[in-house]
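Fold and geometry: a report
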Amino acid sequence: GASREQAMATTTRSSAAMRSAGTTIRGGRGWSGPCSHRPSLGPLRASPVDVAAFAKQTRSSRLVPPPPKLRGEYGSNKRSYVEEYDVREAETLAETDMVSPVVVAKIIESLAIGHFQELSGDRSDVPRSAEMKDLDLTFMLSRITFSFADLPSTSDTIEAETCFKPQKVSFKRDFAVRNKTAGGAAVAAATSTYVLVNFKTRKLSIAPKEMVDQYADFSTKDSSILGASLPRKGKLASLSPDDAEVCSSYVVEASDIDLNGHVGASVYIHWILDSAVAQGQRLDKISSLDVEYKQECFLGERIQCLTRSQDAEDGSGREIDHLVQTEEGNVLLRARSSFHA
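In this report, we go over the structure that sits alongside the text. Computed from a predicted structure; not experimentally measured. (Residues numbered from 1 in each chain as written. Predicted model: local features only at pLDDT ≥ 70, side-chain atom pairs only at ≥ 80, totals over all residues. Heavy atoms only, no water.)

**Examining the overall build of the protein chain**
Secondary structure assignment for the protein chain yields 6 helices and 16 strands. The 341 residues of the protein chain split such that 58% are buried. Excluding contacts between residues fewer than 6 apart, the proportion of contacts in the protein chain whose partners are at least 24 apart in sequence is 72%. Total accessible area on the protein chain is roughly 13700 Å²; 48% of this is exposed by carbon and sulfur atoms. (Helix = DSSP H or I, 4+ residues; strand = E, 2+ residues; numbered from the N terminus. Buried < 20%, exposed > 50% of the residue type's maximum accessible area, 1.4 Å probe, protein only. Contact = heavy atoms within 4.5 Å. Areas by Shrake-Rupley, 256 points an atom, 1.4 Å probe, with all protein chains shown as cover.)

**Considerations on the pattern of salt bridges**
For the structure on display, the rule yields 21 salt bridges. As a salt-bridge pair, Glu 84 and Arg 71 come within 2.8 Å of each other at their nearest N and O atoms. Taken together, the residues span a long stretch of sequence, with Glu 84 in strand β7 (residues 81-86) and Arg 71 in strand β6 (residues 69-74) at a distance of 13 residues. Owing to a relative accessible area of 13%, Arg 71 belongs among the buried residues under this scheme. (Salt bridge = Lys/Arg side-chain N within 4 Å of Asp/Glu carboxyl O.)

**A short note on the packing of aromatic side chains**
Note on aromatic pairs: each is described by the distance of the centres and the angle between the planes. Evaluated as defined, the whole model comprises 10 aromatic pairs. Centroid distance Phe 171 to Tyr 215: 6.3 Å. Interplanar angle 90°. Geometry classified as edge-to-face. Of this pair, Phe 171 sits in strand β10 (residues 170-179) while Tyr 215 sits in the loop between α5 (209-213) and β12 (245-251), and the two are 44 residues apart along the sequence. As far as burial versus exposure is concerned, Phe 171 and Tyr 215 are alike and both buried. Plain terms: the ring middles of Tyr 250 and Trp 271 are 5.1 Å apart, the flat faces sit at 20° to each other, and that makes the pair stacked. One end of the pair, Tyr 250, is in strand β12; the other, Trp 271, is in helix α6 (residues 265-278), and 21 residues separate them in sequence. (Phe/Tyr/Trp six-rings, centres within 6.5 Å; stacked < 30°, edge-to-face > 60°.)

**Some points on unusual backbone geometry**
Of note in this structure, Glu 95 is not a glycine but carries a positive phi near 60°. Tracing the backbone shows Glu 95 in the loop between β7 and α3 (101-120). The exposure class of Glu 95 is exposed, given its relative accessible area of 86%.

**Remarks on the pairing of β10**
Counting buried positions over the 10 residues of β10 gives 9, a clear majority of the element. Across 8 bridges, the pairing between strand β9 (residues 157-165) and β10 is antiparallel. Within β10, the position partnered with Lys 165 by the bridge is Lys 172. Between β9 and β10, which follow one another and run antiparallel, lie 4 residues. (Pairing = 2+ DSSP bridges.)

**Brief notes about the environment of Ser 147**
You can see Ser 147 is positioned in strand β8 (residues 137-148). Among all residues touching Ser 147, those that are not within four sequence positions of it are Val 187, Ala 188, Ala 189, Ser 229, Pro 231, Ser 287 and Ser 288.

**Side note on the state of the cysteines**
Under the definition given, this model contains 0 disulfides. For Cys 247, which is in no disulfide, the shortest distance to another cysteine sulfur is to Cys 305 and amounts to 7.6 Å. (Disulfide = S-S within 2.5 Å.)

**Overview of the environment of Ile 272**
Note on placement: Ile 272 falls in helix α6. Judged by its relative accessible area of 1%, Ile 272 is buried. Linking Ile 272 and His 322, residues 50 residues apart in sequence, is a C-alpha distance of 6.9 Å. Ignoring sequence-local partners within four residues, the contact set of Ile 272 consists of Leu 289, Val 291, His 322, Leu 333 and Ala 335.

So, in structure tokens, the structure goes:
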């Protein structure tokens, strides 16, 4: 279907492990877009945080949630949504207390789900409104671009905020991640695009006008309300096996599969950064990551991660072009990661 060429579904729990120099990373829930339902206005108060249980789960399983959520509520103008996270037991970079960039990505995943739950009134791990269920609709992540500033330490408290702009063909969602302990210093920002897809046929759908209009009081075209400098999407290289090297390979495991029946979006982030580490890059030097999902991937498939590394044009560091494909050559995603010198 068209969505296999244009979008990678997200939402729910997914995982993959990075076992390479510099970091240990495990899976968690995937990403979700906004949902068709009249939003509620009350703040969501998280249940008491059991950090010890979270730490035990992190050590024993790859199917772990994002860091424990301390609170979730609408911003003052109700056009954004804010959550706060406890990262005391989050994955860190080797021999440091610096939180891995994949944890930051998982916070962004969790924030989108939390906002989706608040908008839809559905508190499940895969929140969808009754209308979306009736129409067999879901949101699929098509593109996400991250910029990274200062990665936090495990002693910091992290706050993340999101807003979105609904459209007929795609929904734009932006994010800002801040270090509350450091006076709100920037940790990361991201901009993303979701497409609406029929859950059964996997074909792209157009959002009904009523669905778009329903968000008039809870969405915005002005992402400046996040107070963050958002990254810009770049032109991704059309990498081919002829001009890149196979950096790593995987067989898709059951723990990589989300509730949509395919590899979760965050698993690909693990694979990409695993490839970057294998190319000699340090994750504490990451400055940006731009990912375009092209096709779905399923249990048992054999995956190849290809890379091509070069100096950044402005001399600021290194850039790596990524191609993730099946062993048969089906392109799953293209991406580019950038690292400071």
